[in-house]
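If you want the building blocks of each chain, they are given just below.
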Amino acid sequence: MRVDSPAAPGASGATIPELETGLNETLDRGCRWLLVQQSEQGYWVGELEADTTLESDYILFQLWLEPPDAAGGWRPQAWERIQEAARYIRARQTATGGWNIYPGGPDNISAGVKAYFALKLAGDDPESPAMRRARERIIEMGGLEAANSYTRIYLSFFDLWDRDRVPSIPPELILLGSDSYLNIYEMSSWTRAIVVPLAILCARRPVWRAPAGFTVDELRSGVEPPRASGWSWGSCFWKLDGVLKLWERSGFFPHRAKALRIAEQWILERLEASDGLAAIFPSMLNSILALHEIGYAKDHPVLRRAIRQFENMTIREGGTLRVEPCFSPVWDTALAGFAVGLAGQAGFRNDAALTRSADWMLSKEVCLRGDWAVKNPKAEPGGWYFEFANEFYPDIDDTAMVLLALRYARASSSEAQRGAERRAIEWILSMQSRDGGWAAFDKDNNLAVLNHVPFADHNAMLDPSCADITGRVTEALCACGLGGHEAVKRGVAYLLRTQEPDGSWSGRWGVNYIYGTCFALRGLDAAGVSNREARIIQAGEWIRSFQNPDGGWGETCGSYDDDSLRGTGPSTPSQTAWALLGLFASGDRHSSSVERGLQYLLKTQRADGRWEDGWFTGTGFPRVFYLKYHLYAQYFPLMALAEYVAPASRATP
């Protein structure tokens, strides 16, 4: 690997002369394209793309919503949707017969099982070449037995898998107090929203109707995956699961009715102020199924609204149907507004667009006390969520990004803006975890023992502090004038403590070490950590060492599974921008690595001003669920170009 040495730290301010004209033209085209994407209301929102497990689950949902009649006939509307989703799934089968969870990745057993189930339900002949390849690949990977617990739980509801062979999730969990390891507020917010309705379903033990004679028994390998043994937390939880199954057979549930009532109210309360439970696909799906099981008819106003919100997440295009896992307007608007604001410092100004974006973001300020207040009871509400409406679940990352965007935007009411910023800052400060870092939705959500419960195989039971969010929060607090605050000092200490031996930081919410290193460095730079520090120099060297021959940077989602892949992968505009932003924060503005990275962005911009990421660069759950934010390829390159053209812009908004 070739490593370029940066110019002497502190020699900042000048640009590479021969790039100046091209950079300004590229910045101008990119900003114009991005501004065209802004809605009349002032927000930006790009498509959020995921893997085919969503389309497979959507077909399962259609089977529940409008099952075929006794003769096997489907209602035309349901059958049309199933066929559209099936076309999308078929098109994404890999050459080896399976389905992956990110482009270029290996086949995934759970994605494969779900796809096979969905396509067979859609009428695909199990003996067709494509289905035979799928079945053989699934068996090769361990069969239905190796699919994750949520896949097997869903199949059990249709009597396609033995109910006693899936983890027990009793609704009594919601009754457990703060002194219990298993209380729901020790789980991450998204797990909590998935598990509460799923616990209702597990208690009610529904058996929904699959078409006559339908089975997926051909996917069984006959081999159970190994379980934790000996004296370990995993072994203890599996033994507890066995006890719970004996209890379920006993029929003695003195507190079940109470637990079900509380779970129902818990869901209803959160539906009131959101576009679906937690406004994310799995919890929305589970809440619809659970409420129906406890007596809500499909035409009940609550369920009608929930089903409509769920259907709103579908995109029908070219005879196919795909599903977004959620919407990202606050996130996209904050990042796009920040990029346009930085570009304004570089000479491309559009104050009217920024005012519209600021007014829209202020309209989305959180005013309710959500789940976060359980561990943070004294704090007042503030901040922002990710989606169009999700009042119970503001997140720290979005809140920090909105604060950064508002440094460049002036809302119609300066008084309203100042108030929202003050409340957001106070809320962020109150959400700092004991380790000095910040997580996404909660503080101190890091009880590692929960990673060993039987239904924790979605790899997201917890929401611990992470470098990328801590770096962004540190940057935001410093931009708001709190550089000397004790919270910033603790955040800096967290970042320095969590740096990897090679100089990088892992990324929790973006792929992966390039993302984490970029935003850790930006936080440290904003807090005044000298770029002459050995740690910062080492981080810059790490970034430069992974530059691709084409001048860009890229990292595969596989780096979460295989540490040797960190920093490596095909170049993408978003990851190239992160690398450049990280280098700028490390004090490097003049190395040949920077010049080649800028040239990569110039040559990959399309004539209309946009860039395109060919790979997934967003992270939902590491090793389990990845994302492609369709606007990442636009606003991150614009940030990098603007910060290069106007190096003082971040310090003096």
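Residues numbered from 1 in each chain as written. Predicted model: local features only at pLDDT ≥ 70, side-chain atom pairs only at ≥ 80, totals over all residues. Heavy atoms only, no water.

Quick look at the overall build of the protein chain now. In terms of helices and strands, the protein chain carries 22 helices and five strands. Expected size for 653 residues packed as a compact globule is a radius of gyration near 26 Å; at 25 Å, the protein chain falls within 12% of this value. Seen along its three principal axes, the alpha-carbon backbone of the protein chain occupies a region of about 75 × 55 × 55 Å. Here the protein chain holds 653 residues, and 62% of them are scored as buried. Contacts in the protein chain between residues far apart in sequence, at least 24 positions, make up 74% of those at least 6 positions apart. Carbon together with sulfur atoms contributes 53% to the accessible area of the protein chain, which is approximately 24200 Å² in total. Across the protein chain, the mean location of the 67 positive side-chain charges is 2 Å away from that of the 80 negative side-chain charges. (Helix = DSSP H or I, 4+ residues; strand = E, 2+ residues; numbered from the N terminus. Rg over C-alpha atoms; globule rule 2.2 N^0.38 Å. Buried < 20%, exposed > 50% of the residue type's maximum accessible area, 1.4 Å probe, protein only. Contact = heavy atoms within 4.5 Å. Areas by Shrake-Rupley, 256 points an atom, 1.4 Å probe, with all protein chains shown as cover. Lys, Arg positive; Asp, Glu negative; His and termini not counted. Charge placed at Lys NZ, Arg CZ, Asp CG, Glu CD.)

Time to look at the pattern of salt bridges. As enumerated under the stated definition, the model contains 39 salt bridges in all. The shortest N-O distance in the salt bridge between Arg 75 and Glu 66 comes to 3.1 Å. Residue Glu 66 is classed as buried on the basis of its relative accessible area, which comes to 10%. Arg 270 is the salt-bridge partner of Asp 371, the closest N and O atoms lying 2.7 Å from each other. Highlighted residues: Asp 371 in the loop between helix H13 (351-363) and helix H14 (396-406) and Arg 270 in helix H9 (residues 256-272), separated in sequence by 101 residues. Each member of the pair, Asp 371 as well as Arg 270, is classed as buried. Bridged by salt links that share partners, the residues Arg 192, Glu 269, Arg 270, Asp 371 and Asp 442 form one connected network. (Salt bridge = Lys/Arg side-chain N within 4 Å of Asp/Glu carboxyl O.)

As a further point, take the side chain of Thr 572. Structurally, Thr 572 is set in the loop between helix H19 (534-545) and helix H20 (573-585). Here Thr 572 falls in the buried class, since its relative accessible area comes to 1%.

What the three strands build is an open sheet, ordered E1-E5-E4; its pairing is antiparallel. Edge positions in the sheet fall to strand E1 (48-49) and strand E4 (618-621), since each has one partner strand and no second. As paired strands, E4 and strand E5 (residues 625-629) are joined by three bridges and run antiparallel to one another. Its bridge partner being in E5, Thr 619 is matched across the sheet by Tyr 626. (Pairing = 2+ DSSP bridges.)

Let us now look at the side chain of Thr 26. One can find Thr 26 in helix H1 (residues 20-36). Since its relative accessible area comes to 2%, Thr 26 is described here as buried. Once residues lying within four places of it in the same chain are set aside, the contact partners of Thr 26 are Leu 602, Gln 605, Trp 611 and Leu 641.

Below, the discussion takes up the packing of aromatic side chains. This structure, assessed with the given rule, holds 35 aromatic pairs. A centroid spacing of 5.1 Å and a plane angle of 45° characterise the contact between Tyr 43 and Trp 360, whose relative ring orientation is tilted. Here Trp 360 lies in helix H13 and Tyr 43 lies in the loop between H1 and E1, a separation of 317 residues in the sequence. On the numbers, 5.0 Å between centres and 85° between planes, the contact of Tyr 632 with Phe 636 is edge-to-face. Taken together, the positions of Tyr 632 and Phe 636, both in helix H22 (residues 632-645) and four residues apart, correspond to about one turn of that helix. Looking at Tyr 632, the relative accessible area reads 1%, which means it is buried. Linked through ring pairs, Tyr 58, Phe 61, Trp 64, Phe 157, Phe 158, Trp 208, Phe 281 and Phe 310 together constitute an aromatic cluster. The side chain of Arg 256 reaches across the aromatic face of Phe 253, ending 4.0 Å from its centre. (Phe/Tyr/Trp six-rings, centres within 6.5 Å; stacked < 30°, edge-to-face > 60°. Lys NZ or Arg CZ within 6 Å of the ring centre and 35° of its normal.)

The next thing to look at is the environment of Ala 95. Its place among the elements puts Ala 95 in the loop between helix H3 (76-90) and helix H4 (109-121). Take Ala 95: its relative accessible area is 80%, and that puts it in the exposed class. Ala 95 sits 176 residues away from Leu 271 along the chain, and the two C-alpha atoms are 42 Å apart.

Here we take up the packing of H19 against H20. Put simply, H19 and H20 touch, their axes get as near as 9 Å, and they point 150° apart. Accordingly, the angle class assigned to the pair H19 and H20 is roughly antiparallel. Seen from above, H19 lies across H20 with left-handed handedness. Counted together, Gly 540, Ile 543 and Arg 544 of H19 and Ala 579, Gly 582 and Leu 583 of H20 form the full contact between these two elements. Partitioning the contact of H19 with H20 into residue classes produces three nonpolar, two polar and one charged. (Axes fitted to C-alpha atoms, helices over the stretch in contact; angles between N-to-C directions. Parallel < 35°, antiparallel > 145°, perpendicular 65-115°, else oblique. Left-handed = near helix turned anticlockwise from the far one by under 90°. Nonpolar A, V, L, I, M, F, W, Y, C, P; charged D, E, K, R; others polar.)

All right, on to the environment of Asp 241 then. Along the chain, Asp 241 falls in helix H8 (residues 233-250). Each C-alpha atom of the pair Asp 241 and Leu 144 lies 20 Å from the other, and the pair is 97 residues apart in sequence. Setting aside residues up to four positions removed in sequence, Asp 241 forms contacts with Val 166, Pro 167, Ser 168 and Pro 454.

Here we come to the packing of helix H12 (residues 329-345) against H14. Put simply, H12 and H14 touch, their axes get as near as 8 Å, and they point 30° apart. One way to sum up the angle between H12 and H14 is to call them roughly parallel. In this structure, H12 crosses over H14, and the sense of that crossing is left-handed. The residues of H14 that touch H12, namely those facing Val 330, Trp 331, Ala 334, Leu 335 and Phe 338, are Asp 397, Asp 398, Met 401, Val 402, Leu 404 and Ala 405.

So, about the pairing of strand E3 (residues 320-323). A regular strand places its side chains so that they alternate between the two faces of the sheet. Of the two faces of E3, both are covered, the one formed by Thr 320 and Arg 322 as well as the one formed by Leu 321 and Val 323. Where strand E2 (residues 314-317) hands over to E3, the hairpin turn is made up of two residues, of which Gly 318 adopts a positive phi near 60°.

Here we take up the pairing of E2. As defined by bridge partners, E2 adjoins E3 across four bridges and the pair is classed as antiparallel. Across the sheet, residue Glu 317 finds its bridge partner in E3, namely Thr 320.

What follows deals with the confidence of the model for the protein chain. Mean pLDDT over the protein chain: 93, with 96% of residues reaching 70 or higher. The low-confidence segment residues 1-14, where pLDDT is below 50, has 32 contacts with residues more than four positions distant or belonging to other chains. (pLDDT = per-residue confidence, 0-100.)

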